[in-house]
Amino acid sequence: MKRFLYLSIAGLMIAACSSGGDEPEVKNSAPTTPGLTAPDDNKLCLNTSVVFEWKPATDVNNDVITYQLQVAKDNQFTQIVKTEDIQGLTKSIDLEKNTAYYWRVKSTDSKGLSSTYSSTFKFYTSGDAVINHLPFVPELVAPTQNEVLNTSTTTLKWNATDVDATDVLTYDIYFGTSANPTTKIKENSTSKSFDVTLESSKEYHWKIVVKDNKGGETTGQIWKFKTN
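Counting from 1, residues in each chain are numbered in the order their sequence is written. Predicted model: local features are reported for residues with pLDDT of at least 70 only, side-chain atom pairs are reported and counted for 80 or more only, and whole-chain, interface and lining totals are derived from all residues. Water and hydrogen atoms were dropped before computing side-chain values, which therefore reflect all heavy atoms in the structure.

A. Here's a closer look at the sheet that holds strand S4 (residues 65–72). Strand order in the open sheet formed by 5 strands is S2-S8-S7-S4-S5, and the pairing between neighbours is mixed. Edge positions in the open sheet fall to strand S2 (43–45) and strand S5 (80–86), since each of these has one partner strand only. When strand polarity is set aside, the average angle formed by the axes of neighbouring strands in this sheet is 25 degrees. Across 4 bridges, the pairing between strand S7 (residues 100–109) and strand S8 (residues 121–125) is antiparallel. Looking at S8, one finds that Tyr-101 is bridged to Phe-123. By definition, two strands form a pair when at least two bridges between them are found by DSSP. Each helix corresponds to a stretch of at least 4 residues labelled H or I by DSSP, and each strand to a stretch of at least 2 residues labelled E; elements are numbered beginning at the N terminus. Axes, fitted as lines to C-alpha atoms, cover a helix only where it is in contact. Angles between the N-to-C directions of the axes lie from 0 to 180 degrees.

B. Spatial organisation of the packing of aromatic side chains. Centres within 6.5 Å make a pair out of two Phe, Tyr or Trp rings, where for Trp the six-membered ring is used; the pair is then stacked when the planes are under 30 degrees apart, edge-to-face when over 60, and tilted otherwise. If you walk through the whole model with that rule in mind, you get 13 aromatic pairs. Site record: aromatic cluster; members linked through ring pairs are Phe-52, Tyr-101, Trp-103, Phe-121 and Phe-123. Each ring is checked for a lysine NZ or an arginine CZ that lies within 6 Å of its centre and within 35 degrees of its normal; such an atom marks a charge sitting over the ring. Over the ring of Phe-136 we find Lys-122; its NZ or CZ atom is 5.8 Å from the centre of that ring. Stacked on the ring of Tyr-174, the Lys or Arg Lys-207 has its end atom at 5.2 Å from the ring centre.

C. Geometry of unusual backbone geometry. The omega torsion across Ala-38 and Pro-39 is 0 degrees, close enough to zero to call that bond cis. Relative to the helices and strands, Pro-39 resides in the loop between strand S1 (36–38) and S2. The residue after Ala-142, namely Pro-143, is reached through a cis peptide bond having omega -10 degrees. Among the secondary structure elements, Pro-143 is positioned in the loop between strand S9 (139–142) and strand S10 (147–149). Positive phi, normally seen in glycine, also occurs at Phe-77, with a value near 60 degrees.

D. Summary view of the environment of His-205. With respect to the element layout, His-205 can be found in strand S15 (residues 203–211). C-alpha of His-205 to C-alpha of Gln-145: the two residues are 60 residues apart in sequence and 9.8 Å apart in space. When checking whether two residues touch, look at their non-hydrogen atoms; a contact exists if any pair is within 4.5 Å. Setting aside its immediate chain neighbours within four residues, His-205 contacts Tyr-174, Phe-175, Gly-176, Thr-177, Ser-178, Ala-179, Pro-181, Ile-222, Trp-223 and Lys-224.

E. Spatial organisation of the pattern of salt bridges. Within this document, salt bridges are pairs made up of a side-chain nitrogen of Lys or Arg and a carboxyl oxygen of Asp or Glu, the two lying within 4 Å of each other. Enumeration over the complete set of coordinates arrives at 9 salt bridges. For Lys-73, the salt bridge is made with Glu-96, and the minimal N-O distance between the two is 3.0 Å. Pair noted here: Lys-73 is in the loop between S4 and S5 and Glu-96 is in the loop between strand S6 (90–94) and S7, with a separation of 23 residues, a long-range link. The class for Glu-96 is partly exposed, based on a relative accessible area of 45%. Across the salt bridge formed by Lys-211 and Asp-172, the nearest N and O atoms sit 3.1 Å from each other. Of this pair, Lys-211 sits in strand S15 while Asp-172 sits in strand S12 (residues 170–176); the two residues are 39 residues apart in sequence, bridging distant segments of the chain. No difference in accessibility class separates Lys-211 from Asp-172, as the two residues are buried. Here the residues in one salt-bridge network are Asp-172, Lys-184, Glu-187 and Lys-211, joined through shared partners. When accessible area is computed with a 1.4 Å probe and restricted to protein chains, residues below 20% of their type maximum are described as buried, those above 50% as exposed, and intermediate ones as partly exposed.

F. Structural view of the sheet that holds S1. On the basis of which strands lie adjacent, the open sheet formed by 3 strands has the order S1-S3-S6 and antiparallel pairing. At either end of the open sheet lies a strand with only one pairing partner, and these are S1 and S6. Across the sheet, the mean angle separating the axes of adjacent strands is 30 degrees when strand polarity is ignored. In this structure, S1 lies alongside strand S3 (residues 49–54), joined through 2 bridges in antiparallel fashion. By the bridge assignment for S3, Ala-38 is matched with Glu-53.

Any link to function would need more than the numbers given here.
And the structure:
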């Protein structure tokens, strides 16, 4: 009987010790996406030594956060001129004169998880005796890149801006099934949308050339979508 009692007590002690054992593992989460502060979107920077600033990200696990700043000459970031990993919330970078730049920031925690990139801001550096700045590269609105449509018509939509606020912008629209569309379906449009008729089971490609009223023009990238 005593032996049984001792074994029961020992079993209870083991159970008591093990019940407070392994803590549930806390899942690591990526930090939030930082918000951009300066330079403002569509800004004309008079100084080529540009100071970039952004808002802090947060991390639910209280991990240490670092930031990656990317600066490019196109809004798809295929022409990156600078990538910087930074502990703080600001970075000064020397850039070329009279050039359009695009920038974005993401955050990464100490365990290696990263946020998505922020929205992309764009600005222009001023040059010596520059009278006119070229429009920024057009931005896709709809249809989204590689979207599949179940319709016989759609509306092409885009956005475009110019750092010279008084410039009037017009658009040439190139559209077709060729990977490099050369058919101009509309010239000098003042609208940032255009309706097109589609055929089934086709892949369409299109681009926008944005022009200002001072002779400047910028050709956008080629966008594409499919129909079922």
